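# An overview of the molecular structure
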Amino acid sequence: MFLPVLSLALLLASAGAGAETLAGQVVRVADGDTVTVLAQDGQTHQVRLAGIDAPERAQPFGQRARQQMSALVFGKQVAVEWSKRDRYQRIVGKVLVADRDTGLALVASGLAWHFKRYQHEQSPADRAQYAAAEEQARSSGKGLWSEAHPVPPWEWRAAKRQGAPGNLSGGSRAIIRSDTGGCDATRV
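For the rest of this paragraph, the subject is the overall build of the protein chain. Secondary structure summary: the protein chain contains 5 helices and 10 strands in total. Here the protein chain, with 188 residues, has 41% of them falling under the buried criterion. When the accessible area of the protein chain is evaluated, it comes to approximately 10500 Å², of which 53% is carbon and sulfur surface.

Dropping the structure here:
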């Protein structure tokens, strides 16, 4: 009895013990926080950048976030430090180009939020850097922080799931109602 329990405990401890590194070239940028990496073995891997949430492509600043991420990583050799996969089986990790943290760069430019819901998965140093970068971008009015009330992507996705089509940008929004064809001014 003791040996199987010990074996299971060792297996579980080693599964989350350390991060892995994926090396390769970025061959696609889906949006500001998702890229595809062609590994050295010829396999492609979808990578969700850890610690950030960038606006969705249809959101204000979504295209700018994608363009900025493309400028940072597309066609470049990257190292992805990761230790988990998300529910879509994407690798969730920190994407580095020549030791530059591209997620941190996107937050600092005001084109992504520090995704505080998952900050417990970051190292204390990364957590502090991302939080400080977001605060600096916010206080400087950079990127999406130039809007009075930017809508975080997690709220935007939730509103879309609840059937709120239309302009989900900051502040009050016009929501086009499919049932009446009318327009409601609302705060989502």
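Assignment of secondary structure puts Thr 36 in strand β2 (residues 34–39). When sequence neighbours within four positions are dropped, the list of residues in contact with Thr 36 reads Gln 25, Val 26, Val 27, Arg 28, Thr 44, His 45 and Gln 46.

Turning to helix α4 (residues 124–140), a few remarks are in order. Here α4 is 17 residues long and its end C-alpha atoms lie 24 Å apart, about the 24 Å a rise of 1.5 Å per residue gives. Taken together, the buried positions of α4 are Asp 126, Tyr 130, Ala 133, Glu 134 and Ala 137. What you see down the axis of α4 is that its buried residues fit within an arc of 95°, all on one side. Residues Pro 124 and Ser 139 are exposed on α4 and point more than 90 degrees away from its buried face. Remark: Gly 141 follows α4 within two positions and exhibits a positive phi of approximately 70°.

Considering the arrangement of structural elements, one finds Pro 153 in helix α5 (residues 153–161). Along the sequence, Pro 153 and Gln 59 sit 94 residues apart, while their C-alpha atoms lie 8.0 Å from each other. Aside from chain neighbours lying at most four places away, what touches Pro 153 is Asp 53, Ala 54, Pro 55, Glu 56, Gln 59 and Trp 113.

What follows concerns the pairing of strand β1 (residues 20–31). When β1 meets strand β5 (residues 77–85), the two strands line up antiparallel, connected through 6 bridges. Within β5, the position partnered with Gly 24 by the bridge is Val 78. With 6 bridges joining them, β1 and β2 adopt antiparallel strand pairing. Within β2, the position partnered with Gly 24 by the bridge is Ala 39. Counting the residues that bridge the hairpin from β1 to β2 gives 2 residues.

Another point: unusual backbone geometry. Even without glycine at this site, Gln 89 takes up a positive phi of about 70°. Mapping Gln 89 onto the fold places it in the loop between β5 and β6 (91–97). Looking at Gln 89, the relative accessible area reads 51%, which means it is exposed. Positive phi, close to 50°, is recorded for Ala 98, a residue that is not glycine. Locating Ala 98 in the fold gives a position in the loop between β6 and β7 (100–101).

The rules behind the values
Residues numbered from 1 in each chain as written. Predicted model: local features only at pLDDT ≥ 70, side-chain atom pairs only at ≥ 80, totals over all residues. Heavy atoms only, no water. Helix = DSSP H or I, 4+ residues; strand = E, 2+ residues; numbered from the N terminus. Buried < 20%, exposed > 50% of the residue type's maximum accessible area, 1.4 Å probe, protein only. Areas by Shrake-Rupley, 256 points an atom, 1.4 Å probe, with all protein chains shown as cover. Contact = heavy atoms within 4.5 Å. Expected span 1.5 Å × (residues − 1). Arc of directions from axis to C-beta. Pairing = 2+ DSSP bridges.

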